[in-house]
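Residue-level structural notes
One-letter residues, chain by chain:
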Amino acid sequence: QVQLVESGGGLVQAGGSLRLSCVASGRTFSGYAMGWFRQAAGKEREFVQAISWSGGYTYSANSVKGRFTISRDRANNTVYLQMNSLKPEDTAVYYCAARLNGGLVFTRPSEYNYWGQGTQVTVSS
């Protein structure tokens, strides 16, 4: 079993920045691809960014391309989401997810095995 814990959410003004962290613990955390998703109130969960186990592959939703950056620190079992130039429409609960056999990147929630509890990001205008 893998546990994922997100942190770093909060309230920020439009144009500001936040960095989300997701720490994994539990069974040996090796070979997992990671992803960030978000869910705004009344909407479905949507893909944000993903990174392969090696870190050599990343993929971004068009809505955040050029503003958000995903990265990982395998030594510390942590994945990050650096969010710059935030907009009110980025307001959502952000979730990290892990998928075993993560040689590539994955964009659908159903492709992930483990999920964190989420962290709220609110961007005021």
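Because the structure is predicted, anything quoted here is derived from the model rather than measured. Within any chain, residue numbers begin from 1 and follow the written order of that chain's sequence. In keeping with the model being predicted, local features are shown solely for residues with a pLDDT of at least 70 and side-chain atom pairs are shown and tallied solely at 80 or more, while totals for entire chains, interfaces and linings include all residues. Hydrogens and waters are ignored; side-chain quantities use all the structure's heavy atoms.

**A look at the side chain of Glu111**
- Counting from the N terminus, the helices are the DSSP runs of H or I reaching at least four residues and the strands are the DSSP runs of E reaching at least two. Residue position: Glu111 is located in the loop between strand S9 (92-99) and strand S10 (114-115).
- What qualifies as a polar contact is a pair of N or O atoms within 3.5 Å, subject to a donor-acceptor requirement within protein and to the restriction that residues adjacent in sequence count only when both atoms come from side chains. Within the structure, the side chain of Glu111 is placed 3.2 Å from the backbone nitrogen of Thr107, a separation counted as a polar contact.
- In this analysis, two residues are considered to be in contact whenever any of their non-hydrogen atoms come within 4.5 Å of each other. Setting aside residues up to four positions removed in sequence, Glu111 forms contacts with Arg99 and Phe106.

**Description of unusual backbone geometry**
- The phi dihedral of Asn77 falls on the positive side, at around 55 degrees, and the residue is not glycine.
- Summarising the element assignment, Asn77 is placed in the loop between strand S7 (68-73) and strand S8 (78-83).
- Residue classification places Asn77 among the partly exposed positions, given a relative accessible area of 25%.
- Even without being a glycine, Ser85 presents a positive backbone phi close to 50 degrees.
- Within the element layout of this structure, Ser85 appears in the loop between S8 and S9.
- Accessibility here uses a 1.4 Å probe with only protein chains present; expressed as a share of the type maximum, an area under 20% marks a residue as buried, one over 50% as exposed, and anything in between as partly exposed. A relative accessible area of 41% places Ser85 in the partly exposed class.

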